[in-house]
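Given next are the chains, with one letter for each unit.
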Amino acid sequence: MTTRSAEELLIELNRMKEEQGSIRARAAAEELGVPEAALLEARERDGSVRRLSVSDMDVAGLIERMPEVGDVMVLTRNDHCVHEKTGTFENMRFNTHMGSAFGKEIDLRMFLAQWKTGFYVIDESPKINRHSLQFFDKSGAAAIKIYAVGGTDMDRFVSLARDFTNLTPEVLQFEEPDVVKADAPDESIDVQDLRSRWSKLGNGHQFNRMLAELGIGRRQALRLVGSDFANSVPVSAVENMLNDVAASGLPIMCFVRGPGGIQVHSGPVQRIKRVAGWLNILDPRFNLHLKDEAIDSCYAVSKASTEKGHNITSLDCFAADGTVICQFFPVREEGADEPEAWLSLINGYIEGVAA
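All of these numbers come straight from a predicted model, not from anything done at the bench. (Residues numbered from 1 in each chain as written. Predicted model: local features only at pLDDT ≥ 70, side-chain atom pairs only at ≥ 80, totals over all residues. Heavy atoms only, no water.)

The N-to-C vectors of helix α1 (residues 6-20) and helix α3 (residues 36-43) enclose an angle of 95°; their axes lie 8 Å apart at closest approach. With respect to their mutual orientation, α1 and α3 come out roughly perpendicular. Contacts between α1 and α3 pair Ala6, Leu9, Leu10 and Leu13 from the former with Ala38, Leu39, Ala42 and Arg43 from the latter. (Axes fitted to C-alpha atoms, helices over the stretch in contact; angles between N-to-C directions. Helix = DSSP H or I, 4+ residues; strand = E, 2+ residues; numbered from the N terminus. Parallel < 35°, antiparallel > 145°, perpendicular 65-115°, else oblique. Contact = heavy atoms within 4.5 Å.)

This is the structure we're talking about:
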């Protein structure tokens, strides 16, 4: 990363805006060679940004009050996928380092311990001023962004930001992002133990614990476990699946994990459109932007659910470094089998490989 003073960054950022008309913060940060949070820190000097207090207690208190502001748009992203969901925070739960919202539309797991700094941001434009609460991890990468929308109670939104303003902000210090851990050699993996444990899984948390205990990477596990549990399918299966479920009305779940949380959409998708290398879902209250050329591999994965006798099949997308870009599941009623229409789609992709 390039080292520049806040004053220099603000000058450079304003120059870019004048030359380009508008530029997204993440793209501007990449062009300038700095963390995205560094640009917001620089903007504190022109009054368009205020620092928020994000100690463990404060950030939980702030998020706990989100239901009172009404509709918002929550954005969670990683390098290759952006998940934008509009709705109201509901059914909030918190523990020492985690928070969750299990609402009808906002379905969010928040890794609060990873939120190292936050800002109240006002982005001005000739058409509309956009107000947002933005939180960043130790490297200055965006963890979660929460935007005011048409249904937001702006008085409460502004009041919430004011109540959690950090009046004595310190100069930000950024750390390098965590390096993706390399997989252990395949020959060191006890595949029979992996298969035995996999067959007894009850939920996703147990899956992550199993991987940690065995010292095996997620994609490595899918590659080694056997075709009764996981199958490699073409990357094109993702676009085919989205078009198929949009045409049929079959509801799906879409999971995207970013540096500070996991966001989920549950329901049908309708408008699938490809634009400039991005595969998009452009629905009124749910947008997904997937850079599918970055998908290095894709797997159809079957795991047992917490309900005995019911499996859950997902489509998991991986980047070249083995990190998960996004996952897709079927929507199903508790205690019910997976929809046959979903299984038929997934099996078709698997059989296409075999053929």
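Next comes the rest of the description.
Looking now at the side chain of Ser139. Following the sequence through the fold, Ser139 ends up in the loop between β8 (130-136) and β9 (142-152). Given a relative accessible area of 11%, Ser139 falls into the buried group. A distance of 2.9 Å separates a polar atom in the side chain of Ser139 from a polar atom in the side chain of Asp137. (Buried < 20%, exposed > 50% of the residue type's maximum accessible area, 1.4 Å probe, protein only. Polar contact = N/O pair within 3.5 Å; in protein donor to acceptor, adjacent residues only side chain to side chain.)

Further remarks concern the layout of surface pockets. Over the atoms rolls a probe the size of a water molecule, and its path tells where empty space is left. Estimated volume of the second largest pocket: approximately 1400 Å³. Every residue lining the second largest pocket is counted, 46 residues in all, and those nearest its centre are Ile23, Arg24, Ala25, Arg130 and Tyr147. Considering only residue class, the lining of the second largest pocket consists of 18 nonpolar, ten polar and 18 charged. (1 Å grid on protein atoms, 1.4 Å probe; cavity = no way out; pocket = protein on both sides within 12 Å on 5 of 7 lines; lining within 4 Å. Points joined across faces, edges and corners; volume = space filled by probe spheres on them. Nonpolar A, V, L, I, M, F, W, Y, C, P; charged D, E, K, R; others polar.)

Turning our attention to the pairing of strand β11 (residues 252-258). The element β11 is extensively covered by neighbouring structure, given that five of its seven residues are classed as buried. Two elements, β11 and strand β12 (residues 261-267), share seven bridges in a ladder whose sense is antiparallel. Paired with Gly258 across the two strands is Gly261, which belongs to β12. If you look at the hairpin formed by β11 and β12, you'll find two residues sitting between the two strands. Sheet topology note: the β11/strand β18 (residues 324-330) ladder contains four bridges and is antiparallel. By the bridge assignment for β18, Phe255 is matched with Gln327. (Pairing = 2+ DSSP bridges.)

Grouped together as the largest cluster of nonpolar side chains are 31 residues, with contacts concentrated most on Val238, Met241, Leu242 and Phe328. At the level of secondary structure, the elements contributing two or more residues to this core comprise α9 (236-248), β11, β14 (278-283), β15 (286-290), β16 (297-304), β17 (311-318), β18 and α10 (340-354). The leading source of residues in this core is α9, at five residues. Each residue touching Met241, except ones within four places of it in the same chain, is listed here: Ile252, Leu315, Phe328, Trp342 and Tyr349. Core analysis: the second largest hydrophobic core is formed by 28 residues, Met66, Val72, Met110 and Tyr120 among them. (Core = buried A, V, L, I, M, F, W, Y, C linked by side-chain atoms within 4.5 Å.)

Counted under the stated rule, the structure contains seven aromatic pairs. Centre to centre, the rings of Phe119 and Phe136 are 5.8 Å apart; their planes meet at 75°, and the pair counts as edge-to-face. In this pair, Phe119 is assigned in strand β7 (residues 117-123) and Phe136 in strand β8, connecting sequence segments 17 residues apart. The pair formed by Phe119 and Phe136 is uniform in burial state, with each residue classed as buried. The interplanar angle of 80° and the centroid separation of 5.1 Å between the aromatic rings of Trp198 and Phe207 together place this pair among those described as edge-to-face. Take Trp198 and Phe207: they sit in the same class, and that class is buried. Over the ring of Phe207 we find Lys303, and its NZ or CZ is 4.7 Å from the ring centre. (Phe/Tyr/Trp six-rings, centres within 6.5 Å; stacked < 30°, edge-to-face > 60°. Lys NZ or Arg CZ within 6 Å of the ring centre and 35° of its normal.)

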